[in-house]
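Single-letter residue listing:
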Amino acid sequence: APAAIMGLFFSLIAMAIGLLSFGYFAALALSIVAESSEGNAHLHDPPPANPADWIAEAFTLGVAAVVSAGPGWLAAHLVAAHVGASALAGLASLIVCFPVVQLSQLEQNSPWAMLSTKLLSGLARVRSSWMLFTAQSLLLAAVPVGAGWAIARAPAVGIAVAAVPLVFASLLYFRLLGRLAWVVAETNVASDDQPDEEPVEETSEPDAELAAGEPLDGFDEAFDEYFDSESGGP
């Protein structure tokens, strides 16, 4: 009984440390995305030291991760019950879906806004940058795959060895995600600055305009120009 109580006690301490670590990591990661999306090369506004301020970022990041990895993991779990296949399928789904879900949340300032049509149209304009980001994400995915293999072989040593590379790769990923958001934002601004074409006014039938009591502006001038052009020689 005392051993079980001590085990439960240490488990609760480990859980608390894990939650605090994830909360700070989420706040730091989203700060990096926000700063990078504004074109900044350095982090000017780091997360606050109060853990209560990390709750919203942790919830947003957690929802994005679950929603992004869920489809691939569920599909692989239904087809093949192998744990490794489900994990790889979830990772592939995470790589493809997470940028869209996370940037949609940040663009609409809501953890439940998981798909933004404005973001999708922006990504469609910068397809080459999106493809480059996906290729970079695939390269960075080798780090968690290797970490998972190391932890499965020797849990204690694997966790100690893989902790630093995992954190570094994760922060680099969010830096690249912020740069992708910056490219999308710059493209949207450039497209918004382009002058819109003047809309062509549709002319209605004369009877309808007369019935509405609106004058037929320019009709006499157009009528005279037409007959002048018909009467004139080539």
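One structure accompanies this document, and this report is about it. (Residues numbered from 1 in each chain as written. Predicted model: local features only at pLDDT ≥ 70, side-chain atom pairs only at ≥ 80, totals over all residues. Heavy atoms only, no water.)

1. Quick look at the packing of helix α2 (residues 55-79) against helix α3 (residues 83-108)
Note the cut-off: Orientation is described by lines fitted to C-alpha atoms, with helices fitted over the stretch in contact, and by angles between N-to-C directions that extend from 0 to 180 degrees. A run of DSSP states H or I qualifies as a helix once it reaches four residues; a run of E qualifies as a strand once it reaches two. Both are numbered from the N-terminal end. Left-handed describes a crossing in which the near helix is turned anticlockwise from the far one by less than a right angle; the clockwise case is right-handed. When residues are grouped by polarity, Ala, Val, Leu, Ile, Met, Phe, Trp, Tyr, Cys and Pro land in nonpolar, Asp, Glu, Lys and Arg in charged, and all others, Gly among them, in polar.
Two elements in contact, α2 and α3, have axes whose closest approach is 6 Å; the angle formed by their N-to-C orientations is 140°. Judged by the sense of rotation from one axis to the other, the crossing of α2 with α3 is right-handed. Considered class by class, the residues forming the contact of α2 with α3 number 16 nonpolar, nine polar and no charged.

2. Some words on the side chain of serine 116
Where we set the bar: Contact between two residues is taken to exist if any of their heavy atoms lie within 4.5 Å; hydrogens are not considered.
Tracing the sequence through the fold places serine 116 in the loop between α3 and α4 (117-125). With residues near it in sequence (within four places) discarded, serine 116 still touches Ser104, Glu107 and Gln108.

3. Details of helix α5 (residues 127-140)
To be explicit about the condition: Expected span of a helix: the number of residues minus one, times 1.5 Å. We call a residue buried when its accessible area falls under 20% of the maximum for its residue type, exposed when it is over 50%, and partly exposed in between, using a 1.4 Å probe and counting protein chains only. Directions drawn from the helix axis to the C-beta atoms are what define this arc.
The end-to-end C-alpha distance of α5, which contains 14 residues, comes to 20 Å, matching closely the 20 Å that a straight helix rising 1.5 Å per residue would cover. All buried positions along α5 are accounted for by Phe133, Ser137 and Leu140. Burial along α5 is one-sided: seen end-on, the buried residues are contained in an arc of 60°. Pointing more than 90 degrees away from the buried face of α5 are the exposed residues Arg127, Ser128, Met131, Leu132, Leu138 and Leu139.

4. Topic: the nonpolar core
Our working definition: Here the nonpolar core consists of buried residues drawn from Ala, Val, Leu, Ile, Met, Phe, Trp, Tyr and Cys, with membership extended through side-chain atoms lying within 4.5 Å.
Phe98, Leu103, Leu123, Tyr173, Phe174 and Leu177 are the most contacted members of the largest nonpolar core, which has 24 residues in total. Taken together, the elements giving at least two residues each to this core come down to α1 (2-37), α2, α3, α4, α5 and α7 (155-193). Excluding residues within four positions of it along the chain, leucine 123 makes contact with Val100, Trp130, Leu180 and Val184.

5. Overview of the packing of α3 against α5
Each pair of packed helices can be summarised by the angle the axes make with each other and by the distance between the axes. Selection rule: Orientation labels follow simple angle bins: below 35 degrees gives roughly parallel, above 145 gives roughly antiparallel, 65 to 115 gives roughly perpendicular, and whatever is left gives oblique.
Interhelical geometry of α3 versus α5 gives an angle of 130° and a closest axis separation of 10 Å. When the interaxial angle is binned, α3 and α5 end up oblique. Considering how the two elements wind past one another, α3 and α5 form a crossing that is right-handed. Packed against α3, whose contacting residues are Ile95, Pro99 and Val100, the element α5 presents Trp130, Phe133, Thr134, Ser137 and Leu138 at the interface. Here the residues of the contact of α3 with α5 are counted per class, giving six nonpolar, two polar and no charged.

6. What to know about α3
What counts, and what does not: In this scheme, the bend at a residue equals the angle between the axes fitted to the seven residues that finish there and the seven that begin there.
An ideal rise of 1.5 Å per residue puts 38 Å on 26 residues; α3 measures up with 35 Å between its terminal C-alpha atoms. Within α3, the axis deviates most sharply at cysteine 97, by approximately 45°, and proline proline 99 lies no more than four positions further along. Among the residues of α3, those classed as buried are Ser86, Gly90, Ser93, Ile95, Phe98, Pro99, Val100, Val101, Gln102, Leu103, Ser104 and Gln105. Among the residues trailing α3, asparagine 109 stands out with phi positive, at a value near 55°.

7. So, the environment of glycine 39
By the secondary structure assignment, glycine 39 is in the loop between α1 and α2. On the basis of relative accessible area, glycine 39 is assigned to the partly exposed category, the value being 34%. Taking the C-alpha atoms as reference points, glycine 39 and arginine 179, separated by 140 residues in sequence, lie 7.3 Å from one another.

8. So, the side chain of serine 68
For clarity, the cut-off: Here a polar contact is recorded for every N or O atom pair within 3.5 Å, except that within protein the pair must consist of a potential hydrogen donor and a potential acceptor, and residues adjacent in sequence are included only if both atoms are side-chain atoms.
Topologically, serine 68 is positioned in helix α2. At 2.6 Å, the side chain of serine 68 forms a polar contact with the backbone oxygen of alanine 64. From its side chain, serine 68 meets the backbone nitrogen of phenylalanine 98 in a polar contact 3.4 Å long. Those residues in contact with serine 68 that lie beyond four places of it in its chain are Ser93, Leu94, Cys97, Phe98 and Val101.

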